[in-house]
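# Per-entry structural report
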Amino acid sequence: MSDDKSDNVIDFFKKSAKISGGQKFFKGFPYIKITKDDNGNLFKEEFLTEYAKRCFYIVSVVRSMGLGSAIYKYKVPYASLIDFLNEFKNNESYGKIIDIERYIPEDLA
């Protein structure tokens, strides 16, 4: 088994990707629909929602500081993610979001 994390990455932009019904878009953004987990079980909304509520997101923000820059990493709970992102969208906070990564606490793994 490969240790390469890219084995689990779906290439949205590859023309030969085998996506049911072809590539689809929502407001100009490509997406795929996934209805089952890796074991073939159908997703249940209530379980997915409860799981998401216990996850966090590590949001990386770059800010200029005199001659250089600094990266600030924020641990943002699921329930606050949209509010946090809107701070930057509405120019209420200084900096540029450069990365968002999901953080799964060890007790969820």
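For the structure itself, look to the data block above.
What you see is a predicted model, and the numbers here were worked out from it, not measured in a lab.

### Points about the overall build of the chain
Helix and strand content of the chain: 2 helices and 5 strands. The order of α-helices and β-strands along the chain, N terminus first, is β-β-α-β-β-α-β. For the chain, the proportion of its 109 residues judged to be buried stands at 15%. By sequence separation, contacts in the chain at least 24 residues apart represent 44% of the contacts at least 6 residues apart. When the accessible surface of the chain is split by element, carbon and sulfur atoms take 53% of a total near 9600 Å².

### Notes on the pairing of strand 4 (residues 68-77)
One ladder, built from 10 bridges, connects strand 3 (residues 56-65) with strand 4; its direction is antiparallel. Bridging across to strand 4, Arg63 finds its partner in Ala70. Connecting strand 3 to the next strand, strand 4, in antiparallel fashion are 2 residues, including Gly66 with a positive phi near 60°.

### Some points on helix 2 (residues 81-89)
All buried positions along helix 2 are accounted for by Leu81, Phe84 and Phe88. In a view along the axis of helix 2, the buried residues occupy a sector of 70°, so they form one face of it. Along helix 2, exposed side chains directed more than 90 degrees from the buried face belong to Ile82, Asp83 and Lys89. Among the structural elements, strand 3, strand 4 and strand 5 (96-103) are those in contact with the buried residues of helix 2. At the exit of helix 2 stands Asn91, carrying a positive phi of roughly 55°.

### Remarks on the sheet that holds strand 3
Taken in spatial order, the 3 strands of this open sheet run 4-3-5, and their pairing is antiparallel. Every other strand in the sheet has two partners, leaving strand 4 and strand 5 as the edge strands with one partner each. Strand-to-strand twist of the sheet, defined as the mean angle between neighbouring strand axes without regard to direction, takes the value 20°. As paired elements, strand 3 and strand 5 share 7 bridges and run antiparallel to each other. Within the sheet, the bridge partner assigned to Val59 lies in strand 5 and is Ile100.

### Quick notes on unusual backbone geometry
We note that Lys27 has phi near 50°; this positive angle belongs to a residue other than glycine. The phi angle at Asn91 is positive, at roughly 55°, despite the residue not being glycine. Counting through the fold element by element, Asn91 comes out in the loop between helix 2 and strand 5. For Asn91, a relative accessible area of 66% translates into the label exposed.

About the cut-offs
- Residues numbered from 1 in each chain as written.
- Predicted model: local features only at pLDDT ≥ 70, side-chain atom pairs only at ≥ 80, totals over all residues.
- Heavy atoms only, no water.
- Helix = DSSP H or I, 4+ residues; strand = E, 2+ residues; numbered from the N terminus.
- Buried < 20%, exposed > 50% of the residue type's maximum accessible area, 1.4 Å probe, protein only.
- Contact = heavy atoms within 4.5 Å.
- Areas by Shrake-Rupley, 256 points an atom, 1.4 Å probe, with all protein chains shown as cover.
- Pairing = 2+ DSSP bridges.
- Arc of directions from axis to C-beta.
- Axes fitted to C-alpha atoms, helices over the stretch in contact; angles between N-to-C directions.

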